[in-house]
Amino acid sequence: MEFPYAEIHAFPDGQAPHTGNPAGVVLLHRDLPDADLLGVAQSNNLSETAYLKAMGEKDQWALRWFTPGLEVELCGHATLASAAWLFETGRVIGPEARFHTLSGLLKVTALEAGRYQMDFPQIGFEPGQGDAAVIAAMGAEEAPEAVYEIERVHGNRYQMLVYADEAVVVGLNPDIKALAATRTNVIATAPGRASDFVSRFFGPASGVDEDPVTGSAHCTLAPYWFDRLGKTALKARQVGPRPGALEVVAGAAGRVLLVGSAKRYLDGVIRI
């Protein structure tokens, strides 16, 4: 069996090559067992592989996401990658692609100059207690200013650690094995210098040591920074070894709009 495949780099850092978050996109013409979906994701060894299947209605698609370790309930960059590929290859006729997912209906609208706007649900958070093992595993000399518990996603624990300065987040060198032992995924964030805020995402509990530019993390980061900065539109950068950029805009109640671009890196065929 052969299936069309593309690798797309979502949320690149401007026009710089080899930036943004790579995602695999597979177009299914028939259903495959979950074991094969996970196996392909493991073979790709990207943080996410997205699986698309046409639903029979105009511009409506079933969409699932797999890391090399498990299926996830929400993924931003692989949704952007999927939409960009569908638009570029003429598989979406109108201005909007609609994806039916484990997180409900997600809509992606094509904007000008190769940019796209994604309509995603906010992911809630509340003040939490610092976990000494998690904080130590991050390897920062400075403790976070605040710690937040994030709504459970994919069955794992998530925390957001807020640091005082961008340099601390840039300089994080976590002990991934120690962090994995806590069964906690971490969003690290701080005020930005050339952007409104910066972040990094470490997800060993979901099979991803560090994700380069994480759309779903911005479903929590956006409302936090909207409230803290008193704005409804912000520029964001993820500042790990493979950086990227996007904009976040307040959407309808309980929603956030993620705006960014995507670069088509390669096309091919998956054979099973």
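Residues numbered from 1 in each chain as written. Predicted model: local features only at pLDDT ≥ 70, side-chain atom pairs only at ≥ 80, totals over all residues. Heavy atoms only, no water.

*Asks:* Teacher, can you tell me more about the pattern of salt bridges here?
*Replies:* Pairing between side chains of opposite charge can happen when their charged atoms approach one another. Counted according to the given criterion, the structure contains 16 salt bridges. Across the pair aspartate 131 and arginine 157 runs a salt bridge, and its minimum N-O distance is 2.9 Å. Of the two residues, aspartate 131 is situated in the loop between strand S9 (125–127) and helix H3 (132–138) and arginine 157 in strand S11 (residues 156–162); the sequence distance between them amounts to 26 residues. For glutamate 149, the salt bridge goes to arginine 157, with nearest N and O atoms at 2.9 Å. (Salt bridge = Lys/Arg side-chain N within 4 Å of Asp/Glu carboxyl O. Helix = DSSP H or I, 4+ residues; strand = E, 2+ residues; numbered from the N terminus.)

*Asks:* In this structure, what is going on with the packing of aromatic side chains? I would like to understand it.
*Replies:* Here the distance between the centres and the angle between the planes together describe a pair of aromatic rings. Taken as a whole and assessed by the stated rule, the structure comprises 8 aromatic pairs. Among the aromatic residues, those joined into a cluster by ring pairs are Phe125, Tyr148, Phe197, Tyr224 and Trp225. (Phe/Tyr/Trp six-rings, centres within 6.5 Å; stacked < 30°, edge-to-face > 60°.)

*Asks:* Could you clarify how one ought to interpret the nonpolar core in this entry?
*Replies:* Judged by nonpolar contacts, the single largest core of 55 residues is most densely connected at Leu52, Trp65, Phe99 and Val248. At 8 residues, the largest contribution of residues to this core is made by helix H2 (residues 76–88). Among all residues touching phenylalanine 99, those that are not within four sequence positions of it are Leu52, Trp61, Leu63, Thr79, Ser82, Ala83, Leu86, Gly104, Leu105, Leu106 and Val108. If you look at the next biggest cluster of nonpolar residues, it comprises 16 residues, including Val134, Leu172, Leu179 and Val198. (Core = buried A, V, L, I, M, F, W, Y, C linked by side-chain atoms within 4.5 Å. Buried < 20%, exposed > 50% of the residue type's maximum accessible area, 1.4 Å probe, protein only. Contact = heavy atoms within 4.5 Å.)

Function cannot be inferred from these measures alone, as they are strictly geometric.
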